[in-house]
Amino acid sequence: GQLAQLLTNLVGNALKFRGDPPPRAHVGATRNGSMCTISVQDNGIGIAPEYFDRIFVIFQRLPSREEYAGTGVGLAICKKIVERHGGRIWVESQPDVSTSLHFTLPVA
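Residues numbered from 1 in each chain as written. Predicted model: local features only at pLDDT ≥ 70, side-chain atom pairs only at ≥ 80, totals over all residues. Heavy atoms only, no water.

## Details of the nonpolar core
Grouped together as the largest cluster of nonpolar side chains are 19 residues, with contacts concentrated most on Leu10 and Phe103. Breaking this core down by element, the ones donating at least two residues are helix H1 (2–16), strand S2 (35–42), helix H2 (74–84), strand S3 (89–94) and strand S4 (98–106). Setting aside anything within four residues of it in sequence, one finds Leu10 in contact with Val40, Leu75, Cys78, Leu101 and Phe103. (Core = buried A, V, L, I, M, F, W, Y, C linked by side-chain atoms within 4.5 Å. Buried < 20%, exposed > 50% of the residue type's maximum accessible area, 1.4 Å probe, protein only. Helix = DSSP H or I, 4+ residues; strand = E, 2+ residues; numbered from the N terminus. Contact = heavy atoms within 4.5 Å.)

## Things to note about the pairing of S3
Only one face of S3 is buried, namely the one carrying Ile89, Val91 and Ser93, since none of Trp90, Glu92 and Gln94 on the opposite face is buried. Examined bridge by bridge, S3 and S4 share 6 bridges and lie antiparallel to one another. Along S4, the bridge assignment pairs Ile89 with Phe103. In this antiparallel pair of consecutive strands, S3 and S4, the connection spans 3 residues, and Asp96 shows a positive phi of 65°. (Pairing = 2+ DSSP bridges.)

## Some remarks on the packing of aromatic side chains
Using the criterion set out here, one finds 0 aromatic pairs in the structure. The ring of Trp90 has Arg88 lying over it, and the distance from NZ or CZ to the ring centre is 3.9 Å. (Phe/Tyr/Trp six-rings, centres within 6.5 Å; stacked < 30°, edge-to-face > 60°. Lys NZ or Arg CZ within 6 Å of the ring centre and 35° of its normal.)

## Topic: the pattern of salt bridges
Taken as a whole, this structure holds 1 salt bridge when the rule is applied. Of the charged contacts, one joins Lys79 and Glu83 as a salt bridge, the two residues approaching to 3.8 Å between their closest N and O atoms. Residue Lys79 and its partner Glu83 are both found in helix H2; the two are separated by 4 residues, about one turn of the helix. Look at Glu83 and you get partly exposed, because its relative accessible area is 43%. (Salt bridge = Lys/Arg side-chain N within 4 Å of Asp/Glu carboxyl O.)

Okay, structure coming up:
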């Protein structure tokens with residue numbers, strides 16, 4: 001259930017935080033030994049590098065409530081789920097171009 005919530009939050013963000021072009025989201029996975037890396041990439045509004053750590057803190061919103069609905073808890077929950085399962089989560093992004101959220105999980 002938690003892993004479904006994790007992917008739902010990440011894909012939901014990819015679709016919600018978008019610019020003018022139609023939203024695109026790509027989910028992919030690779031295996032590296034005993035770990036699997038899952039990535040959700042989009043063509044959305046992007047995130048400036050100085051905010052990379054802040055996005056995983058609860059109630060830390062980057063866009064205003066007037067621009068996008070939300071509470072600022074989604075990525076904090078994602079981080080808790082990933083860490084609870086023995087992985088880590090991080091972001092790569094270019095403002096106004098795309099965002100890629102990556103997380104690792106041990107292979108079952």
